[in-house]
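Working through the structure, step by step
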Amino acid sequence: MGTPSVRGKMHAKRYTKESSSKMSVKRYPLVIEKTGTGYSAYSPDVPGCAAVGDTGDETRRNIREALTAHLEMMREVGEPIPEPSSSVTKTRSPDGCADG
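What counts and how
Residues numbered from 1 in each chain as written. Predicted model: local features only at pLDDT ≥ 70, side-chain atom pairs only at ≥ 80, totals over all residues. Heavy atoms only, no water. Helix = DSSP H or I, 4+ residues; strand = E, 2+ residues; numbered from the N terminus. Buried < 20%, exposed > 50% of the residue type's maximum accessible area, 1.4 Å probe, protein only. Contact = heavy atoms within 4.5 Å. Salt bridge = Lys/Arg side-chain N within 4 Å of Asp/Glu carboxyl O. Core = buried A, V, L, I, M, F, W, Y, C linked by side-chain atoms within 4.5 Å. Pairing = 2+ DSSP bridges. Axes fitted to C-alpha atoms, helices over the stretch in contact; angles between N-to-C directions.

**Examining the environment of Asn-62**
One can find Asn-62 in helix H2 (residues 56-76). For Asn-62, a relative accessible area of 24% corresponds to the partly exposed category. For the pair Asn-62 and Ala-50, spaced twelve residues apart in the sequence, the C-alpha separation amounts to 8.7 Å. Not counting the four nearest positions on each side in its chain, Asn-62 is found in contact with Ala-51, Val-52 and Gly-53.

Pasting the structure below:
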């Protein structure tokens, strides 16, 4: 198994799609949430694909693996691969609000 950066590149290659002899990497936004027992993750652009983990890092690895397997299965059964269409924005909390 490679280093995290190499591993990430290996996963990114799995999300590629050939078209007119040109490859484009699809980048899906991921939502990772803290739960009462660990973390959960999903991509709003890929319904039905989710993962969990004890830590944020484990959950990130698990959702990448789940997303890869989910998209591969969709290809195998002939389902269209969804285009990434959601965007992610972080914002600061309004003045006077505690960070929790």
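Once you've had a look at it, read on.
**Focus: the pattern of salt bridges**
Summed over the entire model, instances satisfying the criterion amount to two salt bridges. With its nearest N and O atoms 3.0 Å apart, the salt bridge here joins Lys-26 to Glu-83. Note that Lys-26 is positioned in the loop between strand S2 (22-25) and strand S3 (31-34) and Glu-83 in the segment after H2, a separation of 57 residues in sequence. A relative accessible area of 8% places Lys-26 in the buried class. Judged by relative accessible area, which is 47%, Glu-83 ranks as partly exposed. For Asp-57, the salt bridge identified is with Arg-60, shortest N-O distance 3.6 Å. Here Asp-57 pairs with Arg-60, and both are found in helix H2, just three residues apart, close to one helical turn. When its relative accessible area of 52% is taken as the criterion, Asp-57 is described as exposed.

**Thoughts on the nonpolar core**
The nonpolar side chains of a soluble globular protein tend to be buried with one another. In terms of nonpolar packing, the biggest core is built from ten residues, these being Tyr-28, Ala-41, Val-46, Cys-49, Ala-51, Ile-63, Leu-67, Leu-71, Met-74 and Ile-81. Here this core gets four residues from one element, more than from any other, and that element is H2. When neighbours within four sequence positions are excluded, Cys-49 is seen to be in contact with Ala-41, Tyr-42, Ser-43, Ile-63, Ala-66, Leu-67 and His-70.

**Overview of the sheet that holds strand S4 (residues 39-42)**
With respect to topology, three strands assemble into an open sheet ordered S3-S4-S5, the strand pairing being antiparallel. Both edges of this open sheet fall to S3 and strand S5 (50-53), since each of them pairs with a single strand only. Looking at each pair of strands side by side, their axes are set apart by 20° on average, direction ignored. Sheet strands in contact with H2 are S3, S4 and S5, and its direction is about 155° off that of S5.

**Remarks on the pairing of S4**
Judged from the four bridges that link them, S3 and S4 form a sheet pairing that is antiparallel. Paired with Val-31 across the two strands is Tyr-42, which belongs to S4. The loop that links S3 with its antiparallel partner S4 comprises four residues; one of these, Gly-38, has a positive phi angle of about 160°. Here four bridges tie S4 to S5, and the two strands are oriented antiparallel to one another. Considered in S5, the bridge of Ala-41 is made with Ala-51.

By themselves, these observations are geometric and do not establish any function.
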